[in-house]
Amino acid sequence: MGKIFCLMGKSASGKDFVYKNLIAREDLQLQHVVPYTTRPIRSGEVEGLTYFFCSDEEAEAMERAGKVIEMRAYDTVHGVWKYFTADDGQIDLSRQDYLMIGTPESCVKLREYFGADAVCPVYIWVDDGERLARALKRESKQGQPKYAEMCRRFLADERDFSEENLRKAGVNLFPEENPDKAGTEVDLERNLCIADASREDLQSACINAFSTDLQSADRSICLKNKEEVIGCNSFENREKEQILEDVAAYIAQIRADQRILTE
């Protein structure tokens, strides 16, 4: 039985960087799933690789045909844009594992459709100030920057990625008994959660957690990094690479555990 790893993060959290590099890793052999959207294509995006770009009419036709697994609609300053995953033959859990980018809402729908055991949520947290700086820099490089839409997405993330929604998606941000405690926290029954940790603590906590015998199939990983670690530009790329390695190790461990359980 294959797994779907649902990678989540607010706008400009670095999830695209992590996603692209995980897909490229031959040791993980994760399959890319191309989602659909009705929004206009952006600079650097490729039809059929980044998204399948379709019209509202095409999206509605697929929904009527029962081909839509999950769909999200956003009322943007440019109109309603829809994003959705379709049952179009791309996903076959009897053959391999998949990596997708999603939101807590889409992750819930995926777990309902394929089963909670088949979908592993992965959440990446980055300080809001750092995300806003990244988003502004990225938007300024567009042919026609849409700053109003960038701000709308930034504010909408606060609602979409609320603690309640993350927990519904299977992400436990902090142990219940002490949600505000700084430092590294690891809930081995449900997920690996790293909060306000240094780069060395991140790596150490991952190694310690992965060496523990984890039997629950319903686990997630939340990487939360202290502002001081990523606030300096010289640390930015290295921090993304560290997150990439942590997530890759997590995925490898999940797959190893799955093989043990099925043997």
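Residues numbered from 1 in each chain as written. Predicted model: local features only at pLDDT ≥ 70, side-chain atom pairs only at ≥ 80, totals over all residues. Heavy atoms only, no water.

> Can you explain the packing of aromatic side chains? Please cite residues and give values.
If you walk through the whole model with that rule in mind, you get seven aromatic pairs. Where Tyr51 meets Phe53, the ring centres are 5.8 Å apart and the plane angle is 65°; that geometry is what we call edge-to-face. Side by side, Tyr51 and Phe53 carry an identical accessibility label, which is buried. With a centroid separation of 5.7 Å and 70° between ring planes, the pair formed by Tyr74 and Tyr83 is classed as edge-to-face. Linked through ring pairs, Tyr51, Phe53, Tyr74 and Tyr83 together constitute an aromatic cluster. (Phe/Tyr/Trp six-rings, centres within 6.5 Å; stacked < 30°, edge-to-face > 60°. Buried < 20%, exposed > 50% of the residue type's maximum accessible area, 1.4 Å probe, protein only.)

> Account for the environment of Ser43, naming residues and giving values.
Relative to the elements of secondary structure, Ser43 occurs in the loop between strand S3 (36-37) and strand S4 (52-53). In this structure, the C-alpha to C-alpha distance between Ser43 and Gln144, residues 101 residues apart in sequence, is 9.4 Å. (Helix = DSSP H or I, 4+ residues; strand = E, 2+ residues; numbered from the N terminus.)

> Please set out the sheet that holds S3 residue by residue, giving values where relevant.
Pairing is mixed across the open sheet formed by four strands, whose spatial order is S4-S3-S6-S5. Each end of this open sheet is capped by a strand with a single partner; those strands are S4 and strand S5 (68-76). Pairing analysis gives eight bridges linking S5 to strand S6 (residues 79-86), with the strands arranged antiparallel. Residue Thr76 lies in a different strand from S6, and its bridge partner there is Gly79. Contacts between helix H5 (residues 147-160) and the sheet are confined to S5 and S6, with S5 contributing the most and set at about 125° to the helix. (Pairing = 2+ DSSP bridges. Contact = heavy atoms within 4.5 Å. Axes fitted to C-alpha atoms, helices over the stretch in contact; angles between N-to-C directions.)

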